[in-house]
Amino acid sequence: MEFIRTLTALFFPERCPYCGDLIEPCEIACRKCYDEIRSKHASIRGGARGYRCVSSFVYDGKVRRMLLRLKYRDRTQFVPQITEILAADIRKVYGENAFDMITCVPMFHKDKIDRAYNQSELLAKSLSKLLDIPYRDTLIKVRKTKKQHKLKYTERKTNLSGAFQVLDKESIKGQRLLIIDDIITSGYTLGTCCKALSRAKPEIICCAAVASAQDKYPEATVI
Ligand SMILES: [Zn+2]
């Protein structure tokens, strides 16, 4: 595997997801960026509206730019490097073998067609491989909603009301679920998904997001 990675790197050299500099095939970021992005602690004081959530980074600077490129500019090649750090944090916070399945915050089907992919699904599928936990689609977004980050905090809850439905309740019953999103801010998106999933009676539901914007928006943590 290492040989194939090295061979691939000869033709497609790996780059740091945060600054674009060339890095070694086994590295997940250049040393300068790694030290910088890990020096800030990603606080999730309010969780996802009461559901536990882990996050690797603070959503600003290089991390913010990287996630915007992932979301809007097709830079999906960085998903393995990004998730390697998040997988380590998930193991550290929740422990080994803590979950039976990994799932993600779904997109409305037309939005996914327009973007060609759901970045949260790519992150969740990569985490599934790294953590050796099966990935499953568990939710469907049944209607288009306004972009959460463009709304006032008071409007965020009602914007998502009834937007997510469980695909197959029986497959979730008694399971330990980990749900993934790219960013957590108010926690309403992940929290609303967790609430929808909870109706199917899983054993536990926990969340993970690459980055947290809660430090920048302290009002987001008020439940
Ligand atoms: Zn870098």
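Keep in mind it's a predicted model, so treat the numbers as computed, not measured.

Please explain the coordination of the zinc ion as it appears in this structure.
For a metal with four tetrahedral donors the ideal donor-metal-donor angle is 109.5 degrees, while six octahedral donors give ideal angles of 90 or 180 degrees. For the zinc ion, the full set of protein donor atoms is C16 (SG), C19 (SG), C30 (SG) and C33 (SG), at a range of 2.3 to 2.4 Å. One can describe the site at the zinc ion as tetrahedral: its 4 donor atoms subtend angles covering 100 to 115° at the metal. For C33, a relative accessible area of 1% translates into the label buried.

Sorry, what's going on with the pattern of salt bridges here?
Pairing between side chains of opposite charge can happen when the charged atoms of each approach one another. Applying the stated criterion across every chain yields a total of 11 salt bridges. Between D114 and K110 there is a salt bridge, with the nearest N and O atoms lying 3.2 Å from each other. With D114 and K110 both in helix α5 (residues 109–115) and 4 residues apart, the pair spans about one turn of that helix. D111 is the partner of K144 in a salt bridge, and the nearest nitrogen-oxygen pair spans 2.6 Å. Of this pair, K144 sits in the loop between β3 (139–141) and α7 (153–160) while D111 sits in helix α5; the two residues are 33 residues apart in sequence, bridging distant segments of the chain. Linked by salt bridges that have partners in common, K112, E121 and K125 make up one network.

Could you clarify how one ought to interpret the pairing of strand β5 (residues 176–184) in this entry?
Along any regular strand, the residues point their side chains to alternate faces of the sheet. With 8 of its 9 residues buried, β5 lies for the most part within the structure. Pairing geometry for strand β2 (residues 101–104) and β5, over 4 bridges, is parallel. Directly across from M101, in β5, lies its bridge partner L177. Inspection of the sheet shows β5 paired to strand β6 (residues 204–212) by 8 bridges, in the parallel sense. Following the sheet pairing, I179 is matched in β6 by C207. A crossover connection joins β5 to the parallel β6 through helix α9 (residues 188–198); in handedness this β-α-β unit is right-handed.

I would appreciate a short explanation of the packing of α7 against α9 in the present structure.
Pairs of packed helices are described in terms of their axes, by the angle between the two and the distance that separates them. Contact geometry for α7 and α9: axes closest at 10 Å, N-to-C directions at 35°. Taken as a pair, α7 and α9 cross one another with a handedness that is right-handed. Contacts between α7 and α9 involve Y153, R156, K157 and L160 on the former and, on the latter, Y188, T189 and T192. Of the residues in the contact of α7 with α9, the class split is 3 nonpolar, 2 polar and 2 charged.

Looking at this structure, I do not really get the packing of aromatic side chains. What am I missing?
Two aromatic rings, taken as a pair, are described by how far apart their centres are and by the angle between their planes. Applying the stated rule across the entire model yields 2 aromatic pairs. Pairing Y18 with F57 gives two aromatic rings, centres 6.1 Å apart and planes at 65°, and the pair type is edge-to-face. Of this pair, Y18 sits in the loop between α1 (2–11) and α2 (31–38) while F57 sits in strand β1 (residues 53–58), placing them 39 residues apart in sequence. The burial state of Y18 is the same as that of F57; both residues are buried. A centroid spacing of 5.2 Å and a plane angle of 85° characterise the contact between Y94 and F99, whose relative ring orientation is edge-to-face. Side by side, Y94 and F99 carry an identical accessibility label, which is buried. Cation over ring: R49 sits above Y188, and NZ or CZ is 3.9 Å from the ring centre.

Whenever I open this one, the packing of helix α4 (residues 79–94) against helix α6 (residues 119–131) confuses me. Can you help?
One way to put it is that α4 packs onto α6 with a least axis distance of 9 Å and a crossing angle of 60°. Between α4 and α6, the angle falls in the class oblique. Judged by the sense of rotation from one axis to the other, the crossing of α4 with α6 is right-handed. Across the interface between the two elements, V79, P80, I82, T83, E84, L86, A87, I90 and R91 of α4 pack against L122, L123, S126, L127, L130 and L131 of α6.

What counts and how
Residues numbered from 1 in each chain as written. Predicted model: local features only at pLDDT ≥ 70, side-chain atom pairs only at ≥ 80, totals over all residues. Heavy atoms only, no water. Donors = N, O, S within 2.8 Å, 3.2 Å for Na, K, Ca; no water. Tetrahedral: all angles 85-135°; square planar, octahedral: opposite > 155°, others 65-115°. Buried < 20%, exposed > 50% of the residue type's maximum accessible area, 1.4 Å probe, protein only. Salt bridge = Lys/Arg side-chain N within 4 Å of Asp/Glu carboxyl O. Helix = DSSP H or I, 4+ residues; strand = E, 2+ residues; numbered from the N terminus. Pairing = 2+ DSSP bridges. Right-handed = clockwise from strand over helix to strand, strands pointing away. Axes fitted to C-alpha atoms, helices over the stretch in contact; angles between N-to-C directions. Left-handed = near helix turned anticlockwise from the far one by under 90°. Contact = heavy atoms within 4.5 Å. Nonpolar A, V, L, I, M, F, W, Y, C, P; charged D, E, K, R; others polar. Phe/Tyr/Trp six-rings, centres within 6.5 Å; stacked < 30°, edge-to-face > 60°. Lys NZ or Arg CZ within 6 Å of the ring centre and 35° of its normal. Parallel < 35°, antiparallel > 145°, perpendicular 65-115°, else oblique.

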